[in-house]
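One-letter residues, chain by chain:
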Amino acid sequence: MVASSVLGFPRIGANREVKKAVEAYWAGKISADDLTKAAAEVKKASWTSVKAHGVDFRYVGLGLSPLDVYFAMGRGRQSEGVDVPASEMKKWFDSNYHFVVPEFSDETDFKLNFNKAVEEFKEAQAAGVTTRPVVLGPVSFLILGKASKDAKPGFQPISLLPKLIPVYETLLADLKAAGAEWVQIDEPILVLDKASTLESQFTSAYTALAKVAPKILLTTYFSRLDSNLNYIVKLPVAGLHIDLDRAPGQLDEVLAAVKPTNIVLSLGVVSGRNIWKTDFAAAIKLGQKAIDALGQDRVIIATSSSLLHTPVTLASEKKLTDEQKDWFSFALEKAAEVSTIAAVLSGSQDAAIAAALEANKVSIAKRRAFESNSDDTVRKRVAAITPEQLERKSPFTFPTTTIGSFPQTKEIRQARAKLGKGEITEEQYEDFIKKEIETVVRFQEKIGLDLLVHGEPERNDMVQYFGEQLQGFVFTQNAWVQSYGSRYVRPPIIVSDVSRPHPMTVKWSAYAQSLTTKPMKGMLTGPVTILNWSFPRADVSRELQSKQLALALRDEVIDLEKAGISAIQVDEPAIREGLPLRRSDWDAYLKWAVDSFKLSTAGVTDQLQTHSHFCYSDFDDIFPSIQRLDADVISIEASKSDMKLLNTFKQYGYSNQIGPGVYDIHSPRVPGSQEIKDRLKSMLDILPDSLLFVNPDCGLKTRGWKETEASLINLVEGAKWARQNYA
């Protein structure tokens, strides 16, 4: 019999219960026990729901930190005499999910504070659900970390593996003693090129762990194994999971490698990263090929990765049309898909399974028919793009600015909700937005910022706002996906060719400029980021979708310049995130990604200054592509990454202006003026003052006004100090 499995599930709850509970705890409105109870209720509901959909192997997550220390690592803490900044965050491989980067030194010791995996395994058992616990593997844990400031020169975190393994042995032995038959150990580092040098570390680690652990399912996702497969199949593991959604071409090679072994193969045929309904016929074909090679008992049908990256359920969507709902599959629906595919491959004669198979066939045929309809005007415009449309140059200078958004207050959210419910008119809403814009402009003038922004009070989200005004998108009501901490987004869904029917931002930027004699910066989200932070089409290339978005944004940039806006920021925080995990795939992606940015910004005159913003990005390996963007000013996250990015800019002789973030906006703590001065001094030790912009790490949408005001006043004070001492 073919088993079925999901690798993980959204943690938010169907109605964002966990998000609300976490934020209530941070605000001091509920206790730690109340938070734990709310999380337990969501976990139980998720486990039982997945079980009800017929999945054999469920998941259990892992946490390692006491509650307040854990939260302080992620968001900093400035209360009760404690003032600590948040730890660095990075994107989880090529997803929009963030993780807190662990720090290590030669002196680091490890201990198991609390075996959450065991407690949650027992918690699920008490709810009548047998789970397969999930832990991040020891090699990936160390490789994804970084050396701390007090580490000796040349220290590599992976050198700590012998000290870490005993902690994992204890954790896994406790799971086995608690009755866990399998444990899922995620080692996503195995899909990266750098894993080719880690054979000895993987061998020593898993030789030790296999002796005490339940049966190990070594789990990889997001890309292919390539040559790393040669040593993976020699490891003493009971199972191996591969991603056939992102890398279906690896199946034949993997089958040939595992066939002589006893390894069970888990096939990720249901996407954990997108929301399109699975084509059962295609998935069954892959599954049958594996069964023919290995037999039913050595094949598991699974999601490609954790379903954390997808919304909870389509059942919450009331405004999508029946046709649109029939295209999609969210987390609970994907659980049912996994179960159905496994049942078909097991030879089920159940009438319900046969009906599900036939219904899927009809749904896929309808979607393919819809996909065959394209917008001829848009396609011809993409085909007519010339190299000349990608080029421009422009010198320009402004000292201080922000990244774009200002606090989205309760009043702003209420006004938007009232408009949606018809409780206020469009005219009343626009009057409200104008007042909010004027408040933001006057505040910036008052504290002395140089390049102003309008604050974006009219925007619900930096991607959704644009998608709602473009042709080719559909939107959900409750399809929330976790980005970091308690921050969730509702990614729009690209369903057809994209075009701009009318200007999207010109009215508000022009109004803001009319309020001041200082220059106003127009704010747009770039084509690659809109693509990467949406659920993209699966029937056409990402390159085509990106260039369609670029042409729409190009029209917007031209219209902003005509409206008197002299600086325009086209944000591309996701351009590094979208980089393929295998280096051999980089060049093709970087070519169309950079071309898309340039296509969106190069339609204006030399007098307009172009900006772009990047966050949580390692540029070392792709710096020539960053240079090729040719933005006059780029702003980057720097406050939590020890300024290491700036050395890269210096190394490559970057000559355009740079705005390294001087404080972390993802934390509620207010940086002192001396802290900002110290950070500027560190920057000026690396960069010439002529290149330096002074700005926060990112937009201020998620912050409150009180902390925003205090932080920006300190920022301006720091800039004035730098001018007096360095200019």
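The structure under discussion appears in the preceding block.
So, how was this worked out
- Residues numbered from 1 in each chain as written.
- Predicted model: local features only at pLDDT ≥ 70, side-chain atom pairs only at ≥ 80, totals over all residues.
- Heavy atoms only, no water.
- Helix = DSSP H or I, 4+ residues; strand = E, 2+ residues; numbered from the N terminus.
- Buried < 20%, exposed > 50% of the residue type's maximum accessible area, 1.4 Å probe, protein only.
- Contact = heavy atoms within 4.5 Å.
- Pairing = 2+ DSSP bridges.
- Right-handed = clockwise from strand over helix to strand, strands pointing away.
- Salt bridge = Lys/Arg side-chain N within 4 Å of Asp/Glu carboxyl O.
- Core = buried A, V, L, I, M, F, W, Y, C linked by side-chain atoms within 4.5 Å.
- Axes fitted to C-alpha atoms, helices over the stretch in contact; angles between N-to-C directions.
- Arc of directions from axis to C-beta.
- Parallel < 35°, antiparallel > 145°, perpendicular 65-115°, else oblique.
- Nonpolar A, V, L, I, M, F, W, Y, C, P; charged D, E, K, R; others polar.
- Polar contact = N/O pair within 3.5 Å; in protein donor to acceptor, adjacent residues only side chain to side chain.
- Phe/Tyr/Trp six-rings, centres within 6.5 Å; stacked < 30°, edge-to-face > 60°.
- Lys NZ or Arg CZ within 6 Å of the ring centre and 35° of its normal.

Undergrad: Help me understand the overall build of the protein in this model?
TA: Helix and strand counts for the protein come out as 25 helices and 23 strands. Its C-alpha atoms give the protein principal-axis dimensions of about 75 × 60 × 50 Å. Across the 727 residues that make up the protein, the buried fraction comes to 58%. Sequence-distant contacts in the protein: of pairs separated by 6 or more residues, those separated by 24 or more amount to 79%.

Undergrad: Is there a simple way to explain the pairing of strand E21 (residues 609–614) in this structure?
TA: Of all the six residues making up E21, six are buried; the element is thus mostly covered by neighbouring parts of the structure. Every second residue of E21 is oriented toward a common face, with Gln 609, His 611 and His 613 on one face and Thr 610, Ser 612 and Phe 614 on the other, all of them buried. With three bridges joining them, strand E20 (residues 567–571) and E21 adopt parallel strand pairing. From the neighbouring strand, Ala 567 faces E21, where its bridge partner is Gln 609. Handedness of the E20-helix H21 (residues 586–601)-E21 crossover: right-handed.

Undergrad: Please explain the environment of Ala 282 as it appears in this structure.
TA: Among the secondary structure elements, Ala 282 is positioned in helix H10 (residues 280–294). The exposure class assigned to Ala 282 is partly exposed, which follows from its relative accessible area of 40%. Remark: the alpha-carbon pair of Ala 282 and Phe 9, spanning 273 residues in sequence, is separated by 24 Å.

Undergrad: Looking at this structure, how should I read the pairing of strand E14 (residues 299–303)?
TA: A regular strand places its side chains so that they alternate between the two faces of the sheet. In terms of residue burial, E14 counts as a mostly covered element, since five of its five residues are buried. Pairing geometry for strand E1 (residues 3–5) and E14, over three bridges, is parallel. Across the sheet, Ser 5 pairs through a bridge with Ala 302, a residue of E14. The β-α-β motif built from strand E13 (residues 264–270), the intervening H10 and the parallel element E14 has right-handed crossover chirality.

Undergrad: I'm lost on the pattern of salt bridges in this one. Help?
TA: Pairing is possible between side chains of opposite charge, provided their charged atoms come close. Throughout the structure, instances matching the rule amount to 39 salt bridges. Where Asp 376 meets Lys 380, a salt bridge forms, and the shortest distance between an N and an O atom there is 3.1 Å. Of the two residues, Asp 376 and Lys 380 are both situated in helix H14 (residues 376–383); the distance of four residues between them amounts to about one turn of the helix. A salt bridge links Arg 669 to Glu 675, with the shortest nitrogen-to-oxygen separation between them at 3.1 Å. On the basis of relative accessibility, which here comes to 24%, the residue Glu 675 falls in the partly exposed class. Salt bridges sharing partners connect three or more residues here, namely Asp 193, Arg 224, Asp 226, Arg 582 and Asp 585.

Undergrad: How should I be thinking about the side chain of Lys 19 in this particular structure?
TA: Residue position: Lys 19 is located in helix H1 (residues 17–26). Those residues in contact with Lys 19, other than ones at most four positions away along the chain, are Ile 12, Ser 486, Arg 487 and Tyr 488.

Undergrad: Could you clarify how one ought to interpret the nonpolar core in this entry?
TA: Generally speaking, soluble globular proteins have nonpolar side chains that are buried together. Counting 84 residues, the largest nonpolar core has Phe 619, Ile 636, Phe 649 and Leu 715 as the members making the most contacts within it. Residues in contact with Phe 649, not counting those within four places in the same chain, are Phe 619, Phe 623, Ile 634, Ile 636, Tyr 654, Ile 658 and Leu 687. In this structure, Leu 144, Ile 189, Ala 195 and Ala 213 belong to the second largest nonpolar core, which totals 80 residues.

Undergrad: Would you mind going over the sheet that holds E21 with me for this structure?
TA: Whether parallel or antiparallel, the strands of a sheet pair through hydrogen bonds between backbone atoms. Taken together, five strands build an open sheet; the order of strands is E19-E20-E21-E22-E23 and the sheet is parallel. For this open sheet the edge positions go to strand E19 (521–525) and strand E23 (657–660), each flanked by a neighbour on one side alone. Adjacent strand axes in the sheet meet at a mean angle of 20 degrees when their direction is disregarded.

Undergrad: Please explain helix H4 (residues 116–126) as it appears in this structure.
TA: Given 3.6 residues per turn, any residue in an α-helix points the same way as the ones three and four places further on. Every buried residue of H4 is listed here: Ala 117, Val 118, Glu 120, Phe 121 and Ala 124. Across the axial projection of H4, the buried residues extend over an arc of 170 degrees, all falling on one side. The positive-phi residue at the C-terminal boundary of H4 is Gly 128, with phi of around 85 degrees.

Undergrad: I'm lost on the packing of H1 against helix H3 (residues 67–75) in this one. Help?
TA: Helix-helix packing: each pair is described by the crossing angle between the helix axes and the interaxial distance. Interhelical geometry of H1 versus H3 gives an angle of 95 degrees and a closest axis separation of 12 Å. Considered as vectors, H1 and H3 are oriented roughly perpendicular to each other. Contact residues: Val 22, Tyr 25 and Trp 26 in H1; Leu 67, Asp 68, Phe 71 and Arg 75 in H3. Taken together, the residues that form the contact of H1 with H3 break down as five nonpolar, no polar and two charged.

Undergrad: How should I be thinking about the side chain of Asp 632 in this particular structure?
TA: Considering the arrangement of structural elements, one finds Asp 632 in the loop between helix H22 (623–629) and strand E22 (633–636). The exposure class of Asp 632 is buried, given its relative accessible area of 7%. In terms of polar contacts, Asp 632 uses its side chain to reach the backbone amide nitrogen of Thr 610, at 2.8 Å.

Undergrad: Help me out: how do you make sense of helix H7 (residues 199–209) in this one?
TA: Every buried residue of H7 is listed here: Phe 202, Ala 205, Tyr 206, Ala 208 and Leu 209. All buried residues of H7 fall inside an arc of 155 degrees around its axis, so they share one side. If you follow the buried residues of H7, they end up packed against helix H5 (138–143), helix H6 (161–177), strand E10 (182–186), strand E11 (215–219) and helix H8 (229–232).

Undergrad: How do you make sense of the packing of aromatic side chains when you look at a structure like this?
TA: Within a pair of aromatic rings, the relevant descriptors are the distance that separates the centres and the angle that separates the planes. Tallying each qualifying case throughout the model produces 22 aromatic pairs. Ring geometry for Phe 443 versus Trp 705: centroids 5.4 Å apart, planes at 90 degrees, classification edge-to-face. Taken together, the positions of Phe 443 in helix H16 (residues 426–447) and Trp 705 in helix H25 (residues 705–726) put the pair 262 residues apart, joining distant regions of the chain. Given the relative accessible area of 10%, Phe 443 is considered buried. Ring pairs connect the aromatic residues Trp 92, Phe 93, Phe 99, Tyr 221 and Phe 222, which therefore count as one cluster. It is Arg 16 that lies over the ring of Trp 480; its NZ or CZ is 4.1 Å from the centre. Lying over the aromatic face of Phe 222, Arg 273 brings its terminal NZ or CZ to 4.6 Å of the ring centre.

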